[in-house]
2 protein chains.
Amino acid sequence: MNIGTYLSDWANRYKNDLTEDILPFWLLNGLDGENGGIYTCLDQYGALMDGTKSVWFQGRAGYIFANAYNNIKAKQEWLEASKSCIDFIEKHCFNEEGRMYFEVMADGTPLRLRRYVFSETFAIIAMAEYSLASGDKTYAEKALKLFKQVQTWISTPDALPSKYLPHVKGRSHSIVMIMLNTAAKVRQVIKDPALDKQIADSIAELRDYFMKDEFSALLESVGENGEFVDTINGRLINPGHCIETAWFLMDEVQYRGGDKQLLDMALTILDWSWKWGWDEEFGGIINFRDCKNFPAQDYSQDMKFWWPQTEAIIATLYAYKLTKDDKYLDMHKQISDWTYAHFPDQNNGEWYGYLHRDGTVAQPAKGNIFKGPFHIPRMMIKGYELCQDILKEL
Amino acid sequence: MNIGTYLSDWANRYKNDLTEDILPFWLLNGLDGENGGIYTCLDQYGALMDGTKSVWFQGRAGYIFANAYNNIKAKQEWLEASKSCIDFIEKHCFNEEGRMYFEVMADGTPLRLRRYVFSETFAIIAMAEYSLASGDKTYAEKALKLFKQVQTWISTPDALPSKYLPHVKGRSHSIVMIMLNTAAKVRQVIKDPALDKQIADSIAELRDYFMKDEFSALLESVGENGEFVDTINGRLINPGHCIETAWFLMDEVQYRGGDKQLLDMALTILDWSWKWGWDEEFGGIINFRDCKNFPAQDYSQDMKFWWPQTEAIIATLYAYKLTKDDKYLDMHKQISDWTYAHFPDQNNGEWYGYLHRDGTVAQPAKGNIFKGPFHIPRMMIKGYELCQDILKEL
């Protein structure tokens, strides 16, 4: 194939799909003109299935609309949508201790608080990206303040309730990778040593604790000192999640203007995780694997969710940009062909989220509290930027 | 078909499969000769995937081995297996407040406590059934004491932590139906007004709060006063769970020596839930439906798990016994044909647990913390008894 044509075709498709399909779908069907903020529990046609609001998605959508404003086009409508989500967060989503809820009602009445801080990390990236879009520095300061609060919670023993009993110590990939990305997003708009330290610490922790040469895998959970835990949970590989981590690391390589060791680490994670995740029989990135090849026990283990595919699209394109190794362009084509053949809903817009292993649609809703405007538009915005960058270098 | 032949064939198959396949599989591969209790995280071949012990299954297996002893054959090995699970529970599975853990390590070191009391209810039925098997009345007393403790916890506001914020009130089908069955099991071995009251209350609650004529469905969760909650969770139907409730009610009809109103209620739940659950396209009982026909959002929504099938086998046979309506014998044949064509592992024994909608095996493990020796052997023991009863009446 002609690389220039391939990349400019994808750049156009990313931009068009983002601006003509994905963002309009959520602006029309999701944005809550009455209470502010966004609904995500929408069926195949965009109809509201449930007025419950995901707090994750107030932050995620707040981030996406500002990110599109910053990188695609300075559309006032997008900036306002971002602001609406952030206003809703500030008005309704914090409890008295400053923790953020997980679910609230349409009008903001809180429903559920969980033990994790992902609501907070998504609010942080929304505020940081909105600060960049609007030029309003107070949001950068709010983002940094909340970031430091989250750091305190996660580093103070027993500050957050634990799923397991207090004597059961362990480490989770999720929080390490999300703090890496969150710190990097805040660093765009405000400097602080706490951000640099978090990025360095997350990288070291991923490398020293979670990457396991003996399994050629990055594991989802390990012991307190990175020990391999030989249980169903300890053996779990989430390939899409690892591939997402791989491109978060590539972001850092790019920020540093190159870092061979860090790039090698990112590519190792990508290569390992692709091997575990790519389904040779049906195509696509599978949900879960067990590093000793026992059957993974999550009920969705062999399904194809939308977001591992979008992360693989970004990571392979990014790897090509940073290495110019054709292997990654081939992988980008492979994952893109499969993803675009199965996920977009040709009749009603947006993408299905939940496919069976063979690519057939398991259920056609466009969103719920875990799916909304985040991974798909993020891929399109990032993909567009990566294609443009590579085209400039050709 | 000849009904006598049909039922005696099934009686033989239930008994043979139970005594030659299912119970030996768990005695050989699951029972922990070192620490006592039982492992359930076994792969397709019976190999231990994870030494973590499910506390639910210490009680569930403790119940099943005593139940087989009481109803199939007084085998010392079964009585001892039951006692081993109960000893392990008493030694390791309670915390200082008397709450029971959810997961412990092989040696009993506690790992995780959840907010629910299902560990407790399964321990109660184990103790009651073991009391009947062994003749040791102290276990009946322990069962009753723990039962009353659970009643206190679930009826005292804020005694148990809630998944939602304190102001969010609601009712869950799970606890109502499990308390009905648990009370009935304890009543076998000890009389107490608290048991009778629980049974009456559970029946009234199911009828007045959870059964919804307008959807021809029994819902999994409703508002504090039985209000329909129009959310993804509020609209959820779990057909297998409802069918299990239907035969718990038939158990009560039989205990009462007949009760037309209660039988009508049980049959209505069975008929409704079969209609929602039976998959006309592929066969089998599907996991979840939405009462307004929005796509159910649980990732496993269209899968076929083992236990909804076993509950449907019991319920249809029971309904035939209590009504002699051929329709239920046809349903029993329909669900049995599908179940026996897809779940038993012909090469390695026991049953697969997790099939795709079309009946293909999603993952072949024989157990995990949610699957072990409970629904399948319970179906075989109860099915054997029901066949024998009906044969006597022919």
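The structure we're discussing is the one just above.
Residues numbered from 1 in each chain as written. Chains lettered and ligands numbered in written order. Predicted model: local features only at pLDDT ≥ 70, side-chain atom pairs only at ≥ 80, totals over all residues. Heavy atoms only, no water.

### Overview of unusual backbone geometry
All names here are of chain B. Spelled out, the test is: The way it works is that DSSP assigns letters per residue, a run of H or I at least four long becomes a helix, a run of E at least two long becomes a strand, and they are numbered from the N terminus. Accessible area is worked out with a 1.4 Å probe on protein chains only. A residue is then buried under 20% of its type maximum, exposed over 50%, and partly exposed in between.
Unlike most non-glycine residues, D158 shows phi in positive territory, near 65°. When you line up the elements, D158 lands in the loop between helix 5 (137–155) and strand 4 (171–172). The phi angle at N293 is positive, at roughly 65°, despite the residue not being glycine. Among the residues examined, N293 registers a relative accessible area of 54% and is labelled exposed.

### Some words on the sheet that holds strand 2 (residues 103–104) of chain B
All names here are of chain B. Put simply, the rule is: By the convention used here, strands pair only if DSSP detects at least 2 bridges between them.
Read across the sheet, three strands follow the order 1-2-3 without closing on themselves; strand pairing throughout is antiparallel. The open sheet is flanked by strand 1 (53–54) and strand 3 (110–112), the only strands paired with a single partner. Note: strand 2 against strand 3, two bridges, orientation antiparallel. Across the sheet, V104 pairs through a bridge with P110, a residue of strand 3.

### As for the state of the cysteines
All names here are of chain B. Using the following cut-off: Here, a disulfide means two cysteine sulfur atoms that sit within 2.5 Å of each other.
Counting across every chain of the model gives zero disulfides over all chains. The thiol sulfur of C85 is not disulfide-bonded, and the nearest other cysteine sulfur, from C93, lies at 9.8 Å. Given the relative accessible area of 0%, C85 is considered buried. Left unpaired, C242 is separated from the closest cysteine sulfur, that of C291, by 11 Å. Overall, C242 belongs to the buried group, its relative accessible area being 0%.

### Some words on the packing of helix 4 (residues 118–134) of chain A against helix 6 (residues 173–187) of chain A
All names here are of chain A. Just so we agree on the cut-off: Inter-axis angles, ranging from 0 to 180 degrees, are taken between N-to-C directions of lines fitted to C-alpha atoms, where helices are fitted over the stretch in contact. With respect to orientation, any angle under 35 degrees is reported as roughly parallel, any angle over 145 as roughly antiparallel, any angle of 65 to 115 as roughly perpendicular, and every other angle as oblique. Crossing handedness is read from the near helix: turned anticlockwise from the far helix by less than a right angle, it gives a left-handed crossing, and turned clockwise, a right-handed one. Whether two residues touch is decided by their heavy atoms; if any such pair falls within 4.5 Å, the residues are in contact. Think of it as three bins: nonpolar holds Ala, Val, Leu, Ile, Met, Phe, Trp, Tyr, Cys and Pro, charged holds Asp, Glu, Lys and Arg, and polar takes everything else, Gly as well.
Where helix 4 contacts helix 6, the two axes come as close as 9 Å, and the packing angle between them is 15°. The angle between helix 4 and helix 6 places the two elements in the roughly parallel class. Two packed elements cross with a definite hand, and for helix 4 against helix 6 that hand is left-handed. For the pair helix 4 and helix 6, contact is made by F118, T121, F122, I124, I125, A128 and E129 and by S174, I175, I178, M179, T182, K185 and V186, respectively. Residue classes in the contact of helix 4 with helix 6 are distributed as nine nonpolar, three polar and two charged.

### A closer look at the packing of aromatic side chains
Applicable threshold: Each aromatic pair joins two rings of Phe, Tyr and Trp (for Trp, the six-membered one) with centres within 6.5 Å, and gets the label stacked for planes under 30 degrees apart, edge-to-face for over 60, and tilted for any other angle. As a reminder, the over-ring test applies to NZ of lysine and CZ of arginine, requiring each to be within 6 Å of the ring centre and within 35 degrees of the ring normal.
This structure, assessed with the given rule, holds 46 aromatic pairs over all chains. Between the aromatic rings of A:F25 and A:W26, the centroid separation amounts to 5.3 Å while the plane-to-plane angle is 75°, which identifies the pairing as edge-to-face. Across the pair, exposure class does not vary: A:F25 and A:W26 are buried alike. Grouping aromatic residues by their ring pairs yields a cluster made of A:W56, A:Y63, A:F102, A:Y116, A:F118, A:F122, A:F370 and A:F374. Positioned above the aromatic ring of A:Y139, the side-chain terminus of A:K142 is 4.3 Å from the ring centre. A cation over an aromatic ring shows up here: B:R112 above the ring of A:Y164, its NZ or CZ 5.8 Å from the ring centre.

### Concerning the packing of helix 6 (residues 173–187) of chain B against helix 7 (residues 193–210) of chain B
Residues and elements named next belong to chain B. For the pair helix 6 and helix 7, the least separation of the axes is 9 Å and the interaxial angle reads 150°. Between helix 6 and helix 7, the crossing angle belongs to the class labelled roughly antiparallel. Viewed along their axes, helix 6 and helix 7 form a crossing whose handedness is left-handed. On the side of helix 6, the interface is formed by H173, V176, M179, L180, A183, A184, V186 and R187, while helix 7 contributes L195, D196, Q198, I199, S202, I203, E205, L206 and F210. Considered class by class, the residues forming the contact of helix 6 with helix 7 number eleven nonpolar, three polar and three charged.

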